[in-house]
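Per-entry structural report
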Amino acid sequence: MISLTVNGTEHSVDADPDTPLLYVLRGDLGLDGAKFGCGLGQCGACTVLVDDRPAFSCLTPIAALDGRKIRTIEGLGTPDRPGALPAAFEAEQAAQCGYCIAGMIMRAQALLERNVRPTEAELRRHLAPNLCRCGTHMRILRAVRRAAAAMGGEVQESAR
Amino acid sequence: MPAVPPPAATSFDRATVLRGEELAHLGACRTCHTVRGGRPFAGGRALRTPFGTIFATNITPDPVTGIGRWSPDAFKRAMREGVSRDGHFLYPAFPYDHFARVTDDDLAALYAFLMSRTPVTARAQDNRLDWPFGYRPLLAAWNLLYLQKDTADGADRGRSLAEGLAHCGACHTPRNRWGAEMGGHAYDGAWTEGWYAPPLNARSPAVQPWTADELFTYLRTGLGTTHAAAAGPMAGVARELALAPEADVRALAVYFARLMADAPAAKGHGATRDAQGDADRMHPEGATLFAGACAACHEAGAPMMQQGRPPLAWSTPLHADAPHNTLRVIVQGLAPAPSRGGPSMPAFGNDFTGRQLAEIAAYLRTRYTDLPAWPNLEQIAAEVRRERRE
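Every value quoted in this text rests on a predicted model; they were computed, and no experiment measured them.

1. Overview of the overall build of chain B
Scanning chain B from N- to C-terminus turns up 17 helices and five strands. A compact globule built from 390 residues would reach a C-alpha radius of gyration of about 21 Å, and chain B, at 22 Å, matches this within 12%. Principal-axis analysis of the C-alpha atoms gives chain B an extent of 70 × 40 × 40 Å. Among the 390 residues that make up chain B, the fraction classed as buried is 51%. Here the contacts in chain B between residues at least 6 apart in sequence split such that 66% fall between residues at least 24 apart. Surface exposure of chain B reaches about 17800 Å², of which carbon and sulfur atoms provide 55%. Here chain B holds 40 positive side-chain charges and 39 negative ones, and the gap between their average locations is 4 Å.

2. Description of the state of the cysteines
All names here are of chain A. Overall, the coordinates contain zero disulfides over all chains when judged by the stated rule. Of all cysteine sulfurs, the one in C100 lies closest to C132, which takes part in no disulfide; the gap is 4.1 Å. Owing to a relative accessible area of 10%, C132 belongs among the buried residues under this scheme.

3. Focus on the packing of helix α2 (residues 84-91) of chain A against helix α3 (residues 101-114) of chain A
Residue and element names in this part refer to chain A. Viewed as axis vectors pointing N to C, α2 and α3 meet at an angle of 130°, and their least axial separation amounts to 10 Å. On the basis of the axis angle, α2 is oblique to α3. Between α2 and α3 the crossing geometry is right-handed. Residue-level contacts link L85, P86 and F89 of α2 to I101, M104, I105, A108, Q109 and L112 of α3. In the contact of α2 with α3, the residues fall into eight nonpolar, one polar and no charged.

4. Remarks on the environment of S344(B)
Within the secondary structure, S344(B) is located in the loop between α15 (324-332) and α16 (354-368). Distance from S344(B) to G134(B), taken between C-alpha atoms, is 40 Å for residues 210 residues apart in sequence. Ignoring any residue separated from it by four or fewer positions in sequence, one finds S344(B) in contact with Q42(A), L334(B) and P336(B). Among the polar contacts listed, one links the side chain of S344(B) to the side chain of Q42(A), at a separation of 2.9 Å.

5. Quick notes on the interface of chain B and chain A
Listed per partner, the contact involves 23 residues of chain B and 24 residues of chain A. Roughly 1900 Å² of surface becomes buried between chain B and chain A when both sides are summed, with 51% attributable to carbon and sulfur atoms. At the junction of chain B and chain A, the tally comes to zero salt bridges. Our count for the contact surface shared by chain B and chain A stands at six residue pairs in polar contact (both at pLDDT 80 or more). Among the elements that make up the side of chain B that touches chain A, the one with the highest residue count is helix α13 (residues 284-293) of chain B (five residues). In terms of residue class, the side of chain B that touches chain A is made up of 10 nonpolar, seven polar and six charged.

6. Describing the nonpolar core
In this structure, L4(A), L21(A), F290(B), L327(B), F352(B) and L364(B) are the most contacted members of the largest nonpolar core, which totals 54 residues. Considering every element that reaches this core, the biggest residue donor is α16(B), with eight residues. If we ignore the near neighbours within four places in the chain, the residues touching L364(B) are F290(B), L312(B), L318(B), T326(B), I330(B) and T369(B).

7. Side note on helix α17 (residues 377-387) of chain B
Residues that lie three or four places apart on an α-helix share one face, since the helix turns once every 3.6 residues. Residue and element names in this part refer to chain B. Listed in full, the buried residues belonging to α17 are L377, I380, A381, V384 and R385. One face of α17 carries all of its buried residues, which in axial projection span an arc of 130°. Buried residues along α17 sit against α15 and α16.

8. Quick word on the domain arrangement of chain A
All names here are of chain A. Looking at chain A, the domain boundaries give domain 1 (2-76) and domain 2 (84-150). Opposite the 20 residues of domain 1 that make contact, domain 2 presents 15 residues. Regarding the contact of domain 1 and domain 2, the summed buried area is about 1500 Å², with carbon and sulfur atoms giving 63% of it. Of all residues in domain 1, P54, I73 and L76 give up the largest surface area on contact with domain 2, accounting jointly for 31% of the area buried on that side. On the surface where domain 1 and domain 2 come into contact, there are one salt bridge. Close ionic contact of R71 with E113 constitutes a salt bridge, the shortest N to O distance being 2.4 Å. Per-class residue counts for the side of domain 1 that touches domain 2 are 10 nonpolar, six polar and four charged.

9. Details of the sheet that holds strand β3 (residues 128-129) of chain B
Residue and element names in this part refer to chain B. Spatially, three strands are ordered β1-β2-β3 in an open sheet, and the strand pairing comes out antiparallel. This sheet does not close on itself; its edge strands, each paired only once, are β1 (46-49) and β3. Across four bridges, β1 lies against strand β2 (residues 52-55) in antiparallel orientation. What sits directly across from R48, in β2, is T53.

10. A short note on a nonpolar patch on the surface
Taken together, the side chains of Y23(A), F36(A) and Y99(A) present a nonpolar region at the surface, about 300 Å² in accessible area. When you line up the elements, Y99(A) lands in the loop between α2 and α3.

11. Things to note about unusual backbone geometry
Residue and element names in this part refer to chain B. Note the cis peptide between W131 and P132, where omega equals 0°. Mapped onto the fold, P132 is located in the loop between β3 and α6 (138-146). Non-glycine residue A28 carries a positive phi angle of around 50°. Considering the arrangement of structural elements, one finds A28 in the loop between α1 (14-26) and α2 (29-33). The buried category is assigned to A28, whose relative accessible area is 7%. At H167, a residue that is not glycine, the phi angle is positive and equals roughly 40°. Since its relative accessible area comes to 18%, H167 is described here as buried.

12. Re the domain arrangement of chain B
Assigned domains within chain B: domain 1 (9-146), domain 2 (160-267) and domain 3 (276-387). For domain 1 of chain B and domain 3 of chain B, the distance between their C-alpha centroids amounts to 37 Å.

13. A look at the pattern of salt bridges
Counted according to the given criterion, the structure contains 27 salt bridges over all chains. Between E120(A) and R145(A) there is a salt bridge, with the nearest N and O atoms lying 2.9 Å from each other. Of this pair, E120(A) sits in helix α4 (residues 120-127) while R145(A) sits in helix α5 (residues 137-150), and the two are 25 residues apart along the sequence. Of the charged contacts in the structure, one is a salt bridge between E387(B) and R328(B), with a shortest N-O distance of 2.9 Å. With E387(B) in helix α17 and R328(B) in helix α15, this residue pair connects regions lying 59 residues apart in the sequence.

About the cut-offs
Residues numbered from 1 in each chain as written. Chains lettered and ligands numbered in written order. Predicted model: local features only at pLDDT ≥ 70, side-chain atom pairs only at ≥ 80, totals over all residues. Heavy atoms only, no water. Helix = DSSP H or I, 4+ residues; strand = E, 2+ residues; numbered from the N terminus. Rg over C-alpha atoms; globule rule 2.2 N^0.38 Å. Buried < 20%, exposed > 50% of the residue type's maximum accessible area, 1.4 Å probe, protein only. Contact = heavy atoms within 4.5 Å. Areas by Shrake-Rupley, 256 points an atom, 1.4 Å probe, with all protein chains shown as cover. Lys, Arg positive; Asp, Glu negative; His and termini not counted. Charge placed at Lys NZ, Arg CZ, Asp CG, Glu CD. Disulfide = S-S within 2.5 Å. Axes fitted to C-alpha atoms, helices over the stretch in contact; angles between N-to-C directions. Parallel < 35°, antiparallel > 145°, perpendicular 65-115°, else oblique. Left-handed = near helix turned anticlockwise from the far one by under 90°. Nonpolar A, V, L, I, M, F, W, Y, C, P; charged D, E, K, R; others polar. Polar contact = N/O pair within 3.5 Å; in protein donor to acceptor, adjacent residues only side chain to side chain. Buried area = accessible area lost by both parts, 1.4 Å probe. Salt bridge = Lys/Arg side-chain N within 4 Å of Asp/Glu carboxyl O. Core = buried A, V, L, I, M, F, W, Y, C linked by side-chain atoms within 4.5 Å. Arc of directions from axis to C-beta. Domains from an automatic or database assignment. Pairing = 2+ DSSP bridges. Patch = residues over 30% accessible without salt bridge, like charges linked within 9 Å, V, L, I, M, F, W, Y side chains within 5 Å.

Have a look at this one:
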């Protein structure tokens, strides 16, 4: 049995230690916000936070996670009381098919928690590992800017 | 030297400018003179040296913060003698000891190219150097001791380029305590900004031979299909060489293949190994982490391996004396340049703790090499992870 702390709750999981976290989240814990995209750490649909930093859960074996803090999109609020980022994504209608969105939000969450006043260049560089194949990037960026403002910060113009 | 009115971009002959552009790629000028995400050649990038941090200068033709008021002669003197237009000494982090060997025509073309760029106003930060290296006149002594003005033998194009504009030794040749390349140890391998630039001579630790064709492909694409992907500072160099004249890159490849002709791999002594059983037994935690995080791409039969990527048993970093390159690639991953293809690997610095990274590295070393275990792995892994986390 491996013990995992997800969104503040401790779970005992009966799975092989090399099982990717994503499978455990979706299959064992019923947290299906994080998505399986490529399984190769190339798309970011599975992004969650490990110790407040973004990680691809499809390539993070649960053996690495003993005693560490895991957070998923489900930890950012509920449909009725969404957190700043989910609310901003909804307000900006940033999802088209929506498959990448949970990963986008979690990666953005890591940035805004550390720095609520990033520059536009920092924001874009930070989100670069996550892909969106519908092409809603401009809306996603608007949503993160809106969330930064809602969190008392601002995405700043980049110096050229 | 006197300041001159900035020459008009249109005053240069187009063919000369284009030639200069190719040469600038060959010299990989922008890898140092551009900050990440910044305007090309506008400087500002921090270079960590054993003497402190040096900030690359703005070499766009901005008249105030760049080189807009530099005459061709001032440019030539800076390139060959390491003296700025206003007479102050430049630090040899700028490899003028190599550029001393660049021909007059090539310098004129580089000048034409740089002076016809869009000027960018950007002042580099002040260098942060340890005492007494902030005192530039000391460099007069350095130049007397280490700056050689002999021109390279032009008959061997590859050698002339390597010793001149391409300045390969700046990273691959170890330096003495005063930061000068050690003549008797050309291309023996050296440390650059926390990365180990491997030997390019008979000491090459490569498992598979570096042929001229393999080197050419590596230098142009950043991927050696029987070695490894270019990483660290070399990734940027390969991006530049992709745009340099093909014949020149081939000449470099031919030259270095010859220098490595006496390396163990070239003589068939390179060993390929996969001691999975031993590694699983000795490093069970590393084996588990590898199975969950790495195997989906790196294990035999994985989709990536079917695209002709090098198996880890051929990886040069795993066969180096120090674990830094291996750990850095795991922590930072590999990212192809925007709009270009190339090897891509996710960054694992957030997934694993320093101890876990050390377990993985120890597992890789045991499984794929017959070399002794790396010492101080956990400490080095923790440092590498701290330095460059997302």
